[in-house]
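A closer look at the structure
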Amino acid sequence: MLHTSLLSNIIQAIPWTKLSPEESVLLELSNNIVASKKSYTVMRKMTGVVNWQRLLMLIRQNRLQVICKGSFNSQAFQSVAPKKISQQIVADQMTIQLYAVKNKRVLIKIAGLFTQAGIRFVVMKTLPYEHVLFRSPVKIAGDLDILLPVSDIKLAAGVLIKLGYECFWNHEKVNKNILIQQDFYAPLGEHIFVKGNTTVELHTTIVNSSSFTSKLLSDYNNRLLTQELYNQKQRKIYHGVPIYLFSPTALFVSLFIHLLYQHNLQSVVRYYELFRVIHSYNNSLRWNGVLSLIQTYNLIPFFYWFICLFNDLFPSSLPKNILQSAQKYKASFGLPQRILYYIMKRRLFHPSDLPFRDIEKRVCWAIMNKQIFLSAISYIRQTLTILPL
């Protein structure tokens, strides 16, 4: 016990594991809006040392302008923050709202045409759930993500091409004549269509096909998991247009998978989205179903890491049995896991600083899964096989 406590103190003493004044304020702002706390002790304490321009940069990087709106508008915040910072945040909120209106129009139009064409699609992520999960859009939506069977890709591609979209595979433009050929087949997990500033991504798997995917989720299991989530779709009416959405359980699992694979468990706004799913669908979110899928595809260690990081941001939001299991797993961390955990906790506020490559994800996942030495040996072997003689 003494050894563990000493180790934790040493790790926390390392400069790059400490939160900066700006990060401390940002965390307090995020927690206040969730927990409805009235205390602004942290902000007042940091007033003399905080760099407000850097705080604004972090807020924008993490897309928290709307999430922390209640805190920004409070008298306590207004009394310590420069007026210029508050004005810039309000301007950002208006921009997010304008983009949200545009994205809704795009979704309504495409969903209507897909429905008319008989395409069996599911709208992914949180855009169509915003009226349930959030009072207003929490961030500028990037791409419109749609999941559909491989057999419907050609039909969907035809609809988008008629609307003026261009297709890209591996960042290269594809001749539209190829897409309308009779024998067209699309085995990739992701197909990108672009028109001006609007991007639509058609997915046939929950995780995009990538070289690192097989190390954690084989292509076969990726498709099995996709089918299980797809089977949980629910028909809803979205602004007068019938669309299919994931059930709360499937939505939660899909967002966790996206956070793990795409963001390496490091994106504050993604954690907030998952918090809202838990909060909004408290009665219909089936935790047994979540755990069953996580266990089936051998993702329990990564899920426990997520739970621990999530609880640091949004305490008292999770079922006790799940939190206790995750904390028990965390208690077994060795030195590599403890160091990585503190780094990841700090890096939650710096998503743009980490354009993760495959090898970086593999190392992180190996540490999470307590297989760092096996991963190192595998990487050395791989390197040696491609070195010239």
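Presented here is an overview of the structure given in this document.

Calculation rules
Residues numbered from 1 in each chain as written. Predicted model: local features only at pLDDT ≥ 70, side-chain atom pairs only at ≥ 80, totals over all residues. Heavy atoms only, no water. Helix = DSSP H or I, 4+ residues; strand = E, 2+ residues; numbered from the N terminus. Buried < 20%, exposed > 50% of the residue type's maximum accessible area, 1.4 Å probe, protein only. Contact = heavy atoms within 4.5 Å. Areas by Shrake-Rupley, 256 points an atom, 1.4 Å probe, with all protein chains shown as cover. Polar contact = N/O pair within 3.5 Å; in protein donor to acceptor, adjacent residues only side chain to side chain. Axes fitted to C-alpha atoms, helices over the stretch in contact; angles between N-to-C directions. Parallel < 35°, antiparallel > 145°, perpendicular 65-115°, else oblique. Left-handed = near helix turned anticlockwise from the far one by under 90°. Nonpolar A, V, L, I, M, F, W, Y, C, P; charged D, E, K, R; others polar. Expected span 1.5 Å × (residues − 1). Salt bridge = Lys/Arg side-chain N within 4 Å of Asp/Glu carboxyl O.

When its secondary structure is counted, the protein chain shows 20 helices and eight strands. For the protein chain, the proportion of its 389 residues judged to be buried stands at 50%. Summarising the internal contacts of the protein chain: among those between residues at least 6 apart in sequence, 71% fall at separations of at least 24. Split by element, the accessible area of the protein chain, about 19600 Å² in all, is 55% carbon and sulfur.

To continue, consider the side chain of Asp92. Relative to the helices and strands, Asp92 is located in helix 7 (residues 83-116). A distance of 2.7 Å separates the side chain of Asp92 from the side chain of Arg60, its partner in a polar contact. Aside from chain neighbours lying at most four places away, what touches Asp92 is Arg60 and Gln65.

In this section: the packing of helix 13 (residues 248-263) against helix 15 (residues 287-296). Between helix 13 and helix 15, the shortest axis-to-axis distance is 9 Å and the interhelical angle comes to 40 degrees. Considered as vectors, helix 13 and helix 15 are oriented oblique to each other. The handedness of the crossing between helix 13 and helix 15 comes out as right-handed. Residues Thr249, Phe252, Val253 and Phe256 of helix 13 form the contact with helix 15, whose participating residues are Trp287, Gly289, Val290, Leu293 and Ile294. Within the contact of helix 13 with helix 15, the residues separate by chemical class into seven nonpolar, two polar and no charged.

Taking 1.5 Å of rise per residue, 13 residues should cover 18 Å, and helix 14 (residues 268-280) covers 18 Å from first to last C-alpha, within 8% of that figure. Extensive coverage of helix 14 is indicated by the burial of 11 of its 13 residues. Those residues of helix 14 lying buried are Val268, Val269, Arg270, Tyr271, Tyr272, Glu273, Leu274, Phe275, Arg276, Val277 and Ile278.

Before going further, it helps to spend a moment on the pattern of salt bridges. According to the stated counting rule, one finds six salt bridges in the structure shown. Here Asp92 makes a salt bridge to Arg60, at a shortest N to O gap of 2.7 Å. Placement of Asp92 in helix 7 and of Arg60 in helix 4 (residues 52-61) is noted, with a sequence separation of 32 residues between them. Taking the relative accessible area as the measure of exposure, Asp92 reaches 14% and is therefore buried. Taking the relative accessible area as the measure of exposure, Arg60 reaches 34% and is therefore partly exposed. Across the pair Asp219 and Arg223 runs a salt bridge whose closest N-O atoms are separated by 3.5 Å. Of this pair, Asp219 and Arg223 both sit in helix 12 (residues 219-230), four residues apart, which is roughly one turn of that helix. By relative accessible area, which is 30% here, Arg223 ends up partly exposed.

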